[in-house]
Amino acid sequence: MTDPNSLSAEEIRRYSRHLIMPEVGMAGQLKLKQAKVLLVGTGGLGSPLALYLAAAGVGTLGLVDFDVVDDSNLQRQVIHGTRDLGKKKLDSAIETLTDLNPHVRYVRHDAPLTSENALEIVKYYDIVADGTDNFPTRYLVNDACVLLGKPNVYGSIFRFEGQASVFGTEDGPCYRCLYPEPPPPGLVPSCAEGGVLGILPGVIGLIQATEVVKLILGEGETLKGRLMLYDALAMKFRELKLRRDPECPPGKCSKIKGLIDYQEFCGIPKQAPESPLAGLEISPVEVKARLDRGERFQFIDVREVHEHQICRIGEARLIPLGELPKRLAELDPSEEVVVHCKSGVRSAKAAALLRESGFGRVLNMRGGILEWSDTVDSSVPKY
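Residues numbered from 1 in each chain as written. Predicted model: local features only at pLDDT ≥ 70, side-chain atom pairs only at ≥ 80, totals over all residues. Heavy atoms only, no water.

Caption draft 1: Geometry of the packing of helix α12 (residues 284–292) against helix α15 (residues 368–375). Contact geometry for α12 and α15: axes closest at 9 Å, N-to-C directions at 75°. With respect to their mutual orientation, α12 and α15 come out roughly perpendicular. Packed against α12, whose contacting residues are Pro 284, Val 285, Val 287, Lys 288 and Leu 291, the element α15 presents Gly 368, Glu 371, Trp 372 and Thr 375 at the interface. Split into classes, the residues belonging to the contact of α12 with α15 amount to five nonpolar, two polar and two charged. (Axes fitted to C-alpha atoms, helices over the stretch in contact; angles between N-to-C directions. Helix = DSSP H or I, 4+ residues; strand = E, 2+ residues; numbered from the N terminus. Parallel < 35°, antiparallel > 145°, perpendicular 65-115°, else oblique. Contact = heavy atoms within 4.5 Å. Nonpolar A, V, L, I, M, F, W, Y, C, P; charged D, E, K, R; others polar.)

And the structure:
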């Protein structure tokens with residue numbers, strides 16, 4: 001990277017459309033060049049965030065990720081391409097970003113953000129942009145930012161809806177003011193379970209990038225104290241006022257004393273396979289063997305109709321989870337039942353419902369369609 005206190009002739013040409021704007025100009029572009037921004041995640045939200053902040057000339061971009069590129073990512077994670085399948089997302093992202101703007105310094109953080117490393121990583125940066133998709137990491141990012149006094153530019157997406165805000169400023173609310181407690185585990189499905197419109201993270205990620213640039217420039221009105229909600233189906237934006245917890249002194253949060261175990265805080269067991277239901281599961285390989293032997297049992301698929309149209313296990317009967325309570329009479333409680341879904345989460349709920357309803361022999365097919373494709377029949381597509 002060149003001198004942070006000046007722009008080269010090449011940089012002046014590159015950023016010329018910024019330089020002729022009075023709100024940016026030379027002084028503003030130098031602020032961008034001197035800024036250090038941490039992006040947590042290089043996925044759906046992290047892709048547009050990284051691309052546009054790099055293009056804008058933010059001088060240092062830190063990237064946190066430890067995943068690899070999968071073909072299911074490419075519908076929305078536009079920083080990666082088909083040629084990057086199997087690559088580390090950090091390698092793929094930095095290769096794309098360096099081609100876009102070689103004047104930016106890219107810092108790799110090739111590890112999950114944890115309570116052990118978050119403060120050490122975050123303290124180096126001026127602003128954090130949260131592109132994560134799970135509650136434990138969102139609370140971790142929020143708490144680290146509050147403890148270190150760093151703005152947290154937040155975004156989240158699900159199906160056709162997204163939201164964005166700016167947390168952790170001196171006099172504004174933090175993520176805990178919006179969500180004092182996490183939802184019960186399993187109540188809010190992930191994008192992998194419920195899906196997301198591929199274009200949606202582009203919209204929300206660009207709003208986050210805009211807020212980052214405004215914070216750096218000190219221009220305009222940010223989303224501090226406001227939660228912006230976007231409904232892509234209705235093509236409507238609306239906003240809610242967010243109030244800072246009145247018990248919190250300026251620049252602090254009365255609830256945050258230090259970083260904690262966020263998996264435990266969100267009620268996520270550390271060793272899910274050791275759950276009480278582990279002995280009531282059956283592997284796809286075992287299910288296939290029993291089908292091949294002609295053993296008699298009721299094989300139920302509790303996914304949705306539109307998922308069944310994507311792929312199916314031929315012998316399984318479709319009864320979507322939401323319809324199951326009304327259709328119990330269609331099943332014989334004296335016979336064994338094996339239930340499956342995409343990944344095993346919804347079928348575990350179905351199995352619990354059946355047991356509570358008097359079905360004595362119920363097994364959940366572990367790993368669902370995904371594990372069936374991996375271990376039994378690769379011609380069944382994963383989605």
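Caption draft 2: Up close: the nonpolar core. Counting residues in hydrophobic clusters, the biggest one holds 40 residues, and the most contacted among them are Val 37 and Leu 53. When residues in this core are grouped by element, the largest group, eight residues, is from helix α10 (residues 200–217). Ignoring sequence-local partners within four residues, the contact set of Leu 53 consists of Val 37, Leu 39, Val 58, Leu 61, Ala 209, Val 212 and Val 213. Leu 113, Tyr 125, Val 141 and Cys 145 belong to the second-largest nonpolar core, a separate cluster that totals 25 residues. (Core = buried A, V, L, I, M, F, W, Y, C linked by side-chain atoms within 4.5 Å. Buried < 20%, exposed > 50% of the residue type's maximum accessible area, 1.4 Å probe, protein only.)

Caption draft 3: Geometry of the pairing of strand β7 (residues 226–231). Buried residues dominate β7, accounting for five of its six residues. Taken together, β7 and the strand that follows it, strand β8 (residues 236–241), pair antiparallel across an intervening segment of four residues, in which Met 235 is found at a positive phi of about 50°. (Pairing = 2+ DSSP bridges.)

Caption draft 4: Geometry of the packing of aromatic side chains. Applying the stated criterion to the full structure yields nine aromatic pairs. With 5.0 Å between their ring centres and 90° between their planes, Tyr 124 and Tyr 125 make a pair best called edge-to-face. Judged by relative accessible area, which is 1%, Tyr 125 ranks as buried. Pairwise contacts between aromatic rings join Tyr 139, Tyr 154, Phe 167, Tyr 175, Tyr 179 and Phe 265 into one cluster. The residue whose ring lies beneath Arg 138 is Phe 135, and the NZ or CZ to ring-centre distance is 5.3 Å. Positioned above the aromatic ring of Phe 297 is the side chain of Arg 290, whose terminal nitrogen or guanidinium carbon lies 4.9 Å from the ring centre. (Phe/Tyr/Trp six-rings, centres within 6.5 Å; stacked < 30°, edge-to-face > 60°. Lys NZ or Arg CZ within 6 Å of the ring centre and 35° of its normal.)

Caption draft 5: The sheet that holds strand β12 (residues 337–340), seen in detail. Pairing in this open sheet of five strands is parallel, and the strands run β9-β13-β12-β10-β11 from one edge to the other. The open sheet has two edge strands with one neighbour each: β9 (281–282) and β11 (317–318). Note that β9 and strand β13 (residues 362–365) share two bridges and pair parallel. Considered in β13, the bridge of Ile 282 is made with Met 365. Running over the sheet, helix α14 (residues 345–356) touches β12 and β13 and is turned about 175° from β13.

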